[in-house]
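Structure assessment
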Amino acid sequence: MSPALQTTTTRDALVAEIRAQILGGALKPGTPLTETGLAAMFDVARPTVRSALQVLTSRHLAQQSQGRSLVVPVLDHEDVRDLYFVRVPLELEGVRVVVENGIALDEAEQYLEKMEQMPDDASWADRVEVHTAFHVAIVDAVGSQRLSRIYSTLQDEMQLCLAQIQQSYPNPQDLAREHRKLLDEIQSADLDRAQSEMRRHLARAVENYETT
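Just so it is clear, the structure is predicted and the values come from calculations on it, not from any experiment. (Residues numbered from 1 in each chain as written. Predicted model: local features only at pLDDT ≥ 70, side-chain atom pairs only at ≥ 80, totals over all residues. Heavy atoms only, no water.)

Description of the overall build of the protein chain
From N to C terminus, the protein chain includes 10 helices and 2 strands. Secondary structure of the protein chain in N-to-C order comes out as α-α-α-β-β-α-α-α-α-α-α-α. For 212 residues, the compact-globule estimate of 2.2 N^0.38 gives 17 Å, and the protein chain sits close to it at 18 Å. Each principal axis of the C-alpha atoms in the protein chain carries an extent, and together these give about 55 × 35 × 35 Å. Across the 212 residues in the protein chain, those meeting the buried criterion constitute 44%. (Helix = DSSP H or I, 4+ residues; strand = E, 2+ residues; numbered from the N terminus. Rg over C-alpha atoms; globule rule 2.2 N^0.38 Å. Buried < 20%, exposed > 50% of the residue type's maximum accessible area, 1.4 Å probe, protein only.)

Okay, structure coming up:
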């Protein structure tokens, strides 16, 4: 039975479903993403699949293999280090502006509460989505359109990285506890504490990936 597709268009629905399967681990790194296979799986036309794969490629959720076919990306250690090389200064600057200006993080709090309230059987893809929304909310609180725009280009790769370290969080609530500590430190109004915890938080993600 084909999964139900419920979005604006069939292509958008297909993008959303394939993305959810990648981020949830159902489609593992290196899995081929063929037009024929996906068309049969979701009972859609190949041109629709081709269009969806173009979107996924632009969002770094599909890449060409050495054989030129598309596959789910396999992030190696250098990819992850490079991603966080770009990500760390953006988030540290976001923390600095938030702390120095006493900016409320109500939206981040809402996403964290949603993360804390997720049932143990919630999918990893859903946890990844809320996790990313939490970090985006901190950056967006700064109020810089350009900072938010730059940061948004990293979101799918951030989620792909987290999707591939699921085994580092065997307890469903580990992710929520880690982010509660981070938010508490940011809201402490102590810049050194806040930025130090953000550095540790992001470094831990790289360490988790390198031990998988």
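Structural notes on the packing of helix 6 (residues 124-141) against helix 7 (residues 145-152)
Across the interface, helix 6 lies against helix 7 with an axial gap of 8 Å and an inter-helix angle of 155 degrees. One element, helix 6, and the other, helix 7, form an angle in the roughly antiparallel class. The two elements helix 6 and helix 7 meet at a crossing, and its hand is right-handed. Listed contacts from helix 7 to His135, Val136, Val139 and Asp140 of helix 6 are Leu147, Ser148 and Tyr151. Residues belonging to the contact of helix 6 with helix 7 are distributed by class as follows: 4 nonpolar, 2 polar and 1 charged. (Axes fitted to C-alpha atoms, helices over the stretch in contact; angles between N-to-C directions. Parallel < 35°, antiparallel > 145°, perpendicular 65-115°, else oblique. Left-handed = near helix turned anticlockwise from the far one by under 90°. Contact = heavy atoms within 4.5 Å. Nonpolar A, V, L, I, M, F, W, Y, C, P; charged D, E, K, R; others polar.)

What about the environment of tyrosine 151?
With respect to the helices and strands, the residue tyrosine 151 is situated in helix 7. Classification of tyrosine 151 by relative accessible area gives buried; the value is 1%. Measuring from C-alpha to C-alpha, the distance between tyrosine 151 and valine 139 comes to 7.8 Å, with 12 residues separating the pair along the chain. With residues near it in sequence (within four places) discarded, tyrosine 151 still touches Arg87, Leu90, Glu91, His135, Val136, Val139 and Met158.

Regarding unusual backbone geometry
Leaving glycine out, the prevailing phi sign among residues is negative, and the prevailing peptide bond configuration is trans. You will see that aspartate 43, though not glycine, has its phi angle at about 55 degrees, which is positive. Within the element layout of this structure, aspartate 43 appears in the loop between helix 2 (35-42) and helix 3 (46-58).

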